[in-house]
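Each chain, letter by letter, is given below.
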Amino acid sequence: MSNNHHSRRNFLRNAGIGAGSLALGGFGGGLLNVAQASDLANPVQVDPLAPKAPHFAAKAKSIIWLHMNGAPSTLDLYDYKPELVKLAGQDVPESFLKGIKTSTQGGVGKLYASNRSWKQYGESGAWFSDLLPNLGKQADKLAFIKSSTTIGATHDISILKLNTGDLNPGRPTLGAWVQYALGTANPDLPAYVVLYGGDREPSGGSVNWASGFLPAIYQGTAFRPGPSPILNLSSPELVAAAQQRDNLDLLRKLNQQNAARYPRDTELAARLNSYELAYRMQSAAPEAVDLSKESDATRELYGLNDELTKDYGTQMLRARRLVERGVRFVQVINGPVKIAGEDRTNWDAHENLEANHAANAKAVDKPIAGLLADLESRGLLDSTLVVWASEFGRTSYGQSGNGRDHNPWGYTQWIAGGGSKAGTTFGATDEIGLRSVGRTVDTYDLHATVLALMGLDHLKTTFLNNGRSERPTVVYGEVIKELIA
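Okay, so let's go over this structure. (Residues numbered from 1 in each chain as written. Predicted model: local features only at pLDDT ≥ 70, side-chain atom pairs only at ≥ 80, totals over all residues. Heavy atoms only, no water.)

Turning our eyes to something else, we now look at the overall build of the chain. When its secondary structure is counted, the chain shows 13 helices and 18 strands. Split into buried and exposed, the 485 residues of the chain put 57% on the buried side. A fraction of 78% describes how many contacts in the chain between residues 6 or more apart in sequence connect residues 24 or more apart. Just so you have it, the chain exposes about 19,700 Å², and 50% of that area is on carbon and sulfur atoms. (Helix = DSSP H or I, 4+ residues; strand = E, 2+ residues; numbered from the N terminus. Buried < 20%, exposed > 50% of the residue type's maximum accessible area, 1.4 Å probe, protein only. Contact = heavy atoms within 4.5 Å. Areas by Shrake-Rupley, 256 points an atom, 1.4 Å probe, with all protein chains shown as cover.)

So this is what it looks like as structure tokens:
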């Protein structure tokens, strides 16, 4: 093994194959004993990204997961509370605080009502504040979850839980589970793509699109802003296309010879797959995110002609193009926006909520509404599940005089398309919007429901890790059937 192993390593180091360096750094990994998601006794998969059948008929083919980074106050977006307006400026009644820990950052301030006006939209009569006039027009496409809850009250921990179901690094993200369970629908693109705006990687970084204990080939592929979405994807300057192809062909032959000696060890097959995927992506990935051929009407629909909406609108339009090309899971993380008199910031409004939410809502409102309308017009909304989620919500009491603290006890999220029950609302918060009442929806329940819409039973989507059969929802999770059409 050692001579062949070192000769291959030297070849990779010296051949200059370009896309290969990407594969080693991002797509490859120890793929050992990979079984079907539904049956651990099945034979080892030769191609870990080969399409796999769902457990039952799927309603959705792709997911666009919109993470509102920083945690918006859904009290000021969707959850109209006249009682909060009536009691604003008063202490929080003790009855609302019973049984919850409120010592997140600034203690409990006076009840706070922002300067919002509210309106009902569509046949569903869903409430939207004046911060989301465009999304309000899409009200009848949405299925609201108004009794969302989570654990933790710090951003990085709760974001990790939103993506992986756990408070500690090491578990796969939901996108990695989907890719593992279903494989790819387009061999020229990753099945799991992450889009983000701004000029830096989002807080928490790649742990929020990691494969965890699943083989590394199932981790998300981050597409950076700009025309070259993936680092190290282009061929080296002095390597011709024919030479690169010859190098990859030789590499395949070397790996195939060694793989034949160890048929149950699919690490080489997975690594070879990653080289080939990187090679194919050299043309497919830039084309998928190239918006130059989109019509003027489409660019206007997504807000690309306005500096305030251009960044997020670009991510939304790229997300549509990716699901159009068969990408199964597109995770979109909003970037920070400019706010007058402040540095760029996300939704994290501990103070100056009015200016913060005015800017952040403006940045995403038109692009998200445009995405929903565009998906519908192209016949893609029925097969694409759009999820609007955040790590937690924000309190009904104030902080710093004009902001809100973190709230894991009750907030709003929504899903649309992909077989969800449009125009409905599940759950509610109390009269001041502080905590969920009745049946709550934890992250595990949201994940179980999303997987069900993709045709996957979260109890049967399993992977054997260190002798333990693991599943996406750990040991929790219940499908919210009321959200499914």
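This part is about the sheet that holds strand S7 (residues 329-333). The mixed open sheet is built from eight strands, whose spatial order is S6-S5-S7-S1-S10-S13-S4-S14. Each edge of the sheet is formed by a strand with only one pairing partner; in this case those strands are strand S6 (221-223) and strand S14 (424-426). Going from strand to strand, the sheet's axes swing by 20° on average, the running direction of each strand aside. Lying over the sheet, helix H6 (residues 155-164) contacts strand S1 (62-67), S7, strand S10 (384-389) and strand S13 (411-416), oriented at roughly 170° with respect to S1. (Pairing = 2+ DSSP bridges. Axes fitted to C-alpha atoms, helices over the stretch in contact; angles between N-to-C directions.)

We now examine the side chain of Lys-52. Tracing the sequence through the fold places Lys-52 in the loop between helix H2 (19-27) and S1. At 3.0 Å, the side chain of Lys-52 and the backbone oxygen of Pro-48 are in polar contact. At 3.1 Å, the side chain of Lys-52 forms a polar contact with the backbone oxygen of Tyr-180. (Polar contact = N/O pair within 3.5 Å; in protein donor to acceptor, adjacent residues only side chain to side chain.)

Here Glu-83 is to be found in helix H3 (residues 82-87). Taking C-alpha positions, Glu-83 is 9.7 Å from Asp-430, a pair spaced 347 residues apart along the chain.

Moving on, we come to helix H11 (residues 307-324). With 18 residues, H11 extends 26 Å between its outermost C-alpha atoms, agreeing within 8% with the 26 Å of an ideal straight helix rising 1.5 Å per residue. The sharpest bend along H11 measures roughly 30° and falls at Gly-313. Taking burial as the measure, the 18 residues of H11 include 13 buried ones, the bulk of the element. Its side-chain oxygen 2.9 Å from the backbone nitrogen of Leu-308, Asp-306 forms the N-cap of H11. (Expected span 1.5 Å × (residues − 1). Bend = angle between axes of the 7 residues up to and from the residue.)

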